[in-house]
Amino acid sequence: MPMTLRSTLLSLSLLALMSLALFPAMASAQRSTTPDYDYLPPAEVEKITLGDAEQAVLVRPWQGRNQYGAAVLLGDLGEDADPEGLLAFLRRELTPKGWATLSIGAPQGAAQPNHITDAGEIPKPGEQQLSQKSNQSLPKYSQEDWAALREQQKTVMSQTLGQLDSLGKSYPGKRILIVTGQSAGLVIEMLTAATLPSPDLLVVINPYLEQDEENRDLPGKLAKLALPVLDIQSPDGLPASLATQKARKALSPLGEPLRYEQQQLALNLDQPSAWQDVLTLVQGFAQRILRAYP
């Protein structure tokens with residue numbers, strides 16, 4: 001075998017071994033690392049307990065003379081309590097509008113398969129380089145594993161939201177739940193099944209669920225909710241969310257504008273001007289609900 005090819009194969013083998021050694025430590029660090037929010041004033045960071053672990057809740061009080069209630073903000077699966085972008089903006093900008101904000105981290109999403117080569121799969125010089133055939137798909141979750149994951153996510157979400165009552169006592173009034181992405185899909189499912197206390201107003205932003213079947217069922221479940229819903233869709237929403245946009249609107253209650261309203265944003269959610277549009281939509285819908293149901 002030419003020396004250059006032998007050196008190349010040896011280098012690849014050493015890199016794979018180094019990756020294998022580093023991966024468990026990296027995974028462990030990711031599991032144990034939680035945001036400390038040390039950039040925020042200490043008064044904004046409260047703690048709740050989930051099992052044997054603590055979780056931060058970011059609380060901002062009312063500002064100004066209006067005191068309508070509290071808005072609970074929950075990002076997409078895997079996001080912390082102060083994700084960059086829209087929710088961080090709403091967390092700060094709703095308080096001058098008369099809404100205290102309580103922000104929480106979302107449950108973790110499905111783990112993605114890693115592509116680290118097992119030590120036993122590292123070939124010797126001259127052997128085949130890949131054990132995965134080109135026509136084979138990567139392993140997927142079984143139905144049982146997926147159902148277990150969903151139940152775990154819903155349990156965490158229920159326990160987390162259930163502990164916000166005590167933190168929200170200082171802010172009596174209406175309750176808005178603002179939730180995005182897959183977390184929005186899970187909240188819709190849980191509210192439909194009555195496994196989550198109903199807020200006074202639900203705001204879903206680009207709602208979807210990852211599995212095709214559960215995503216197809218989402219518009220029907222959303223239509224069954226007997227509470228005011230503001231459904232916001234941005235053009236950069238994931239395909240699964242865009243795929244159900246028309247059905248979500250078509251199945252909504254007819255002649256009941258205070259039960260359901262869908263708004264399509266003109267700009268992507270990576271644009272700060274779109275954040276202001278969302279704030280305006282939430283504020284406007286909330287004001288209509290306050291007038292109708294004081």
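Residues numbered from 1 in each chain as written. Predicted model: local features only at pLDDT ≥ 70, side-chain atom pairs only at ≥ 80, totals over all residues. Heavy atoms only, no water.

Quick look at helix α6 (residues 212-224)
Part 1 of the argument: The axis of α6 is deflected most strongly, by about 35°, at L218, and proline P219 appears within four residues downstream.
Part 2 of the argument: If you check which residues of α6 are buried, you get E214, N215, L218, P219, L222 and A223.
Part 3 of the argument: Here the buried face of α6 lies against α3 (143-162), α5 (181-192), β7 (229-233), α7 (239-243), α8 (245-250) and β8 (260-264). (Bend = angle between axes of the 7 residues up to and from the residue. Helix = DSSP H or I, 4+ residues; strand = E, 2+ residues; numbered from the N terminus. Buried < 20%, exposed > 50% of the residue type's maximum accessible area, 1.4 Å probe, protein only. Contact = heavy atoms within 4.5 Å.)

Focus on the pattern of salt bridges
Part 1 of the argument: Under the definition given, this model contains 10 salt bridges.
Part 2 of the argument: Between R91 and D82 there is a salt bridge, with the nearest N and O atoms lying 3.2 Å from each other. The pair R91 / D82 is uniform in exposure class, with both members buried.
Part 3 of the argument: K154 is the partner of E189 in a salt bridge, and the nearest nitrogen-oxygen pair spans 2.9 Å. Here K154 lies in helix α3 and E189 lies in helix α5, a separation of 35 residues in the sequence. Here the two residues E189 and K154 agree in accessibility, since each one is buried.
Part 4 of the argument: In the salt-bridge network here, residues are joined through shared partners; they are E44, R60, D82, R91 and R92. (Salt bridge = Lys/Arg side-chain N within 4 Å of Asp/Glu carboxyl O.)

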